[in-house]
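# A closer look at the structure
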Amino acid sequence: MSSEESDDGADASQPKLLYTRGYLWRSSRLLRFFHALDQKDLAAPKRGSAKMSRAIGTPKESIGLPPKGVSSWMISRRWVRATQAKQPDLSEALASTQEKEFVELHEQIQTSVNLLDSLESFLSTFQKDLTAVSGQISELQDRSKDIDNRLKSRRKIEKPLSSLITDIIIPPSLATLILDTQVGEPWITAIDEFERHLEIVKARLRVKAARDLGDVVEGLRIVAATKLRVFFLALFEPIRNSVTTNMQVIQTSVLIKYRPLFAFLRRQAAPVAYELQRSYVGAARVYYETGFRRYARSLGYIKVRTTEKFDLIVNELEKSDDVPLDLERLANAQFDGPSITLAYMADDKTYKEHPEALFRSVLLVFMDNATAEYTFVKTFFTIDSTIPALDSQKSLLSPSSLLSPMERQSNAGSDYGGRSRAESASFAGALDSATNAAREEQANVDAIWRQVFDPVLGYVQTFVKTVIEPPPPILPLLTMIRLTEHVVTEIENRACPPGVTFMFGLRLQMWPVFQKLMNDNIEALKKLAEGSTGGYFSRATVITEATVKSICNRYIRFFIAFVILTEKEDETMIFSNLLRMRQEVEKLIQRYTGQTSDAVARATAQSTFYEILLRNLNKGVQSVAHPKSQHELAYWAKLEEEARRKIVSVQQTRTRR
């Protein structure tokens, strides 16, 4: 590649150098190429003598032309220009040397032209294809926008649609439970879920899937209604067959627990529900009728063992005046009084009880059973007409839940989307409708209760008539009246309107009897005071001191008992009659003492009777604090003081004489 010369003649101590001398026509690119080759060659290890360092020497001065076949890039342009200045024929010499190269170059150019023609044809075809692809891309973009819009619409209805599918599909476990199992506690939650599916399927009948499931759901509804009918009839059977059945336990522990099942029948199988209602009414009616008939009959047996009849106050003179007021009998007017009489006690032939105690037993038993039954009837048979609403965001019961976006926009501007004003305007109508529905439901509950308790009301009414006809003594009668009023208040607190109405009827029956007995007593006292108690064929009653004292004692007994039995001081019916009786007692005292001509003896006798009245009034510790007792004490004390003053005045007058 280059000529090499060594400096062997030099001093041996100097390092050996190998000079390379190239040709002048070589270009810089070629020289760099050779230099890179030399560097690579020097880097390779060699055997033998030690490596010699190389250095670039001066180019050779001979004018040599490049050999044939040398590429143009290997020839230095600077050398060509310098040589042409000296030798003009250099270009021809160089051309001859590069003829083959030019031929090859021509062939390469021809090949390139052919390639360019082929490329031009390809590019023309590619442009046409690119135009077609551009049209397809535009079409695909339009389709992509349409698909994107459809996707957004699908996403909007994805949740409602998913909820619809979830709600209308009956889970296999639920269907298996209804079809293959007997009614029990698992049905309580299952029937609620099934009813929700049933309502949704009914509301979405325009959906094909819901219509396809309609027959299946209807079949499950019929199976559920049939099984529930048999189940409830079996629960009512013990009530019908045995009066010893604990009615309250069955109601509170069994029937109330399965109330959701009956509510399902009321909403989804009304004929079956009404049949069960009639069955329960019949069973409960027989149960209560049998029980109260036996109970009233037992109390009737006990009642005939004790005979107490009303007698006028003036006809009780032969009885002892030392008989104290029986507070235990007055306690029968309260709830926390003596224990009630049980039916089995009638088996004891020696067992006796006062009429007011038997009356109290009947009323308390009636009150407890009537209010308990009314509460059960109201709880069990009062059913909401609709099932609990689903989540408003997921519910598909709304007609617009599955509408397309365009349909929703059209509805938004219609009456359907802007009905808030109509809703506010119809609020009063909705309240009236709810009130009417509540009244109808209340009337239905009252009617069911009356159907159950109609025989019981008859037995209670009959027993009460046996107590007040013939009339009992006044104090037992007032005791029964007060108990009736307390029972009315308690039944009102327990929210049993038909029971309150019935008890009001009993109360209205007893008050006229009480008023008649008081009138009879007052009239008897009036006749006694006027001395006209004797008839055409009887002697007039002779008024003695013992008679007046007995009348005073009986009056005070009446007064104390009336005050104990009266909580209100403005009880007109009670205290107006006592006022009239007091006036007659005072007239009786005046008539008896008026038989004495001596003024001192007359005033002394009056003072004695007034002291008897005051002393007996003070004995009634329970009634002394009552305002009417204070007024009564003040009245008789005033009369007693006037009598004493009269005695002193008459004695002083006689002394002066």
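Computed from a predicted structure; not experimentally measured.

On a plain count of helices and strands, the protein comes out with 23 helices and three strands. Taking all 657 residues of the protein together, 36% fall into the buried category. A sequence separation of at least 24 residues applies to 79% of the contacts in the protein between residues at least 6 apart. A total of about 38,700 Å² of accessible surface is found on the protein, and carbon and sulfur atoms cover 54% of it.

The next point concerns the nonpolar core. Side chains of a nonpolar character, in soluble globular proteins, are inclined to be buried together. Formed by 140 residues in total, the largest nonpolar core has its most connected members in Phe194, Phe232, Leu265, Phe366, Val460 and Phe514. Sequence-distant contacts of valine 460, defined by excluding residues within four places in its chain, comprise Phe292, Val362, Leu363, Phe366, Phe502 and Leu506.

Turning our eyes to something else, we now look at the pattern of salt bridges. Under the definition given, this model contains 20 salt bridges. Measuring nitrogen to oxygen at the nearest pair gives 3.1 Å for the salt bridge that ties aspartate 192 to arginine 196. Residue aspartate 192 and its partner arginine 196 are both found in helix α7 (residues 186–203); the two are separated by four residues, about one turn of the helix. Overall, the relative accessible area of 28% leaves aspartate 192 in the partly exposed class. Overlapping salt bridges bring together Glu308, Arg329 and Glu356 as one network.

A few words on unusual backbone geometry. Cis rather than trans, the peptide bond between glutamate 469 and proline 470 has omega equal to 0 degrees. Here proline 470 lies in the loop between α16 (427–468) and α17 (474–493). With a phi close to 60 degrees, alanine 495 is a non-glycine residue in the positive phi region. By relative accessible area, alanine 495 is classed as partly exposed at 38%.

A few words on the packing of α7 against helix α8 (residues 208–241). The contact between α7 and α8 brings their axes to 10 Å, and the two run at 145 degrees. Relative to α8, α7 is oriented so that their crossing is left-handed. In contact with Trp187, Ile191, Phe194, Leu198 and Val201 of α7, α8 contributes Ala210, Gly214, Val217, Leu220, Arg221, Ala224, Lys227 and Leu228. Classifying every residue of the contact of α7 with α8 gives 10 nonpolar, one polar and two charged.

A few words now on the environment of glutamate 469. With respect to the helices and strands, the residue glutamate 469 is situated in the loop between α16 and α17. With relative accessibility at 53%, the residue glutamate 469 sits in the exposed group. Counting along the chain gives 44 residues from glutamate 469 to valine 513, while the straight-line C-alpha distance between them is 9.2 Å.

All buried positions along helix α5 (residues 158–168) are accounted for by Pro160, Ser163, Leu164, Asp167 and Ile168. Across the axial projection of α5, the buried residues extend over an arc of 115 degrees, all falling on one side. The exposed set on the far side of α5, more than 90 degrees from its buried face, consists of Glu158, Lys159 and Thr166.

A few words now on the confidence of the model for the protein. Of all residues in the protein, 81% attain a pLDDT of 70 or more, and the chain-wide mean is 81. A low-confidence stretch, residues 6–10 stays under pLDDT 50, and its non-local contacts, those more than four residues away or across chains, total six contacts. Predicted confidence is poor over residues 388–419, with pLDDT under 50, and the contacts of this stretch with residues over four places away or in other chains come to 42 contacts.

Basis of the calculations
Residues numbered from 1 in each chain as written. Predicted model: local features only at pLDDT ≥ 70, side-chain atom pairs only at ≥ 80, totals over all residues. Heavy atoms only, no water. Helix = DSSP H or I, 4+ residues; strand = E, 2+ residues; numbered from the N terminus. Buried < 20%, exposed > 50% of the residue type's maximum accessible area, 1.4 Å probe, protein only. Contact = heavy atoms within 4.5 Å. Areas by Shrake-Rupley, 256 points an atom, 1.4 Å probe, with all protein chains shown as cover. Core = buried A, V, L, I, M, F, W, Y, C linked by side-chain atoms within 4.5 Å. Salt bridge = Lys/Arg side-chain N within 4 Å of Asp/Glu carboxyl O. Axes fitted to C-alpha atoms, helices over the stretch in contact; angles between N-to-C directions. Left-handed = near helix turned anticlockwise from the far one by under 90°. Nonpolar A, V, L, I, M, F, W, Y, C, P; charged D, E, K, R; others polar. Arc of directions from axis to C-beta. pLDDT = per-residue confidence, 0-100.

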